[in-house]
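An overview of the molecular structure
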Amino acid sequence: MGKEKTEESLEPLINYFNRLIPLNTEEKVLVRERFHARLFRWRQFVLQEGDTCTQFYFVVRGCLRMYKIDEKGSTHILQFAAENYWINDLGSFHGMKPSTLNIDALEDTVVFQISHADLISLYIQAPKFDRIFRVLL
């Protein structure tokens, strides 16, 4: 699975944060440094069961779904994430353990993603983001 980068303006993400808690200039710079745009093609996996969730995703355009497949092979959809929504497997992300969930793209989807290490760094450099992500969760 190739990683497709895309050039996207971070303004939708910055606007999203500003609606929760206004950001100052330095905090906006941190967002630009820590978040990276990525394109997932239709039906491409963002996360597969058994892999560790290493990114937190903000959907700019498109739609992702998170689901679990049970022992009988039935699919149970847990979440859809369309424009201006967040998605990830929090247990896998924070516990750094294999996921029991899948996330895939229902159409070509552009996200801004941040790694676990960059998110922790963001909390330390700008504590306002710790509050923002607590509100999100």
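The coordinates are above.
Attention in this report is confined to the structure presented alongside it. (Residues numbered from 1 in each chain as written. Predicted model: local features only at pLDDT ≥ 70, side-chain atom pairs only at ≥ 80, totals over all residues. Heavy atoms only, no water.)

Right, let's get into the packing of aromatic side chains. All told, the structure shown has 15 aromatic pairs when counted by the stated rule. Taken together, a centroid distance of 6.0 Å and an interplanar angle of 35° make the contact between F17 and W86 tilted. Highlighted residues: F17 in helix α1 (residues 11–20) and W86 in strand β6 (residues 86–87), separated in sequence by 69 residues. Across this residue pair, the class does not change: F17 and W86 are buried. Seen in terms of ring centroids, F56 and F93 are 5.6 Å apart; in terms of plane orientation they differ by 85°. Their pairing is edge-to-face. Of this pair, F56 sits in strand β3 (residues 55–61) while F93 sits in helix α3 (residues 90–95), and the two are 37 residues apart along the sequence. When its relative accessible area of 0% is taken as the criterion, F93 is described as buried. Here the basic side chain of R43 rests over the ring of W42, its NZ or CZ set 5.1 Å away from the ring centre. (Phe/Tyr/Trp six-rings, centres within 6.5 Å; stacked < 30°, edge-to-face > 60°. Helix = DSSP H or I, 4+ residues; strand = E, 2+ residues; numbered from the N terminus. Buried < 20%, exposed > 50% of the residue type's maximum accessible area, 1.4 Å probe, protein only. Lys NZ or Arg CZ within 6 Å of the ring centre and 35° of its normal.)

Okay, the layout of surface pockets next. Over the atoms, a rolling probe the size of a water molecule traces out where space has been left empty. Its boundaries defined by the atoms lining it, the second largest pocket holds a volume of some 160 Å³. Considering only residue class, the lining of the second largest pocket consists of eight nonpolar, three polar and no charged. (1 Å grid on protein atoms, 1.4 Å probe; cavity = no way out; pocket = protein on both sides within 12 Å on 5 of 7 lines; lining within 4 Å. Points joined across faces, edges and corners; volume = space filled by probe spheres on them. Nonpolar A, V, L, I, M, F, W, Y, C, P; charged D, E, K, R; others polar.)

Since the α-helix packs 3.6 residues into each turn, any two residues three or four apart lie on the same face. K128, F129, I132 and F133 are the residues of helix α5 (residues 128–136) that are buried. Summarising the axial view, the buried residues of α5 lie within an arc of 130°, below the 170-degree limit, and thus occupy one face. In the core, the buried residues of α5 are packed alongside α1, α2 (25–34), β3, β6 and α4 (116–125). (Arc of directions from axis to C-beta. Contact = heavy atoms within 4.5 Å.)

Those residues of α4 that fall on the buried side of the exposure criterion are L119, L122 and Y123. Buried residues of α4 fall within an arc of 100° about the axis and therefore sit on the same side. Those residues of α4 that are exposed and angled more than 90 degrees off the buried face are A117 and I124. Where the residues of α4 are buried, they touch α2, β3, α3, β8 (109–115) and α5.

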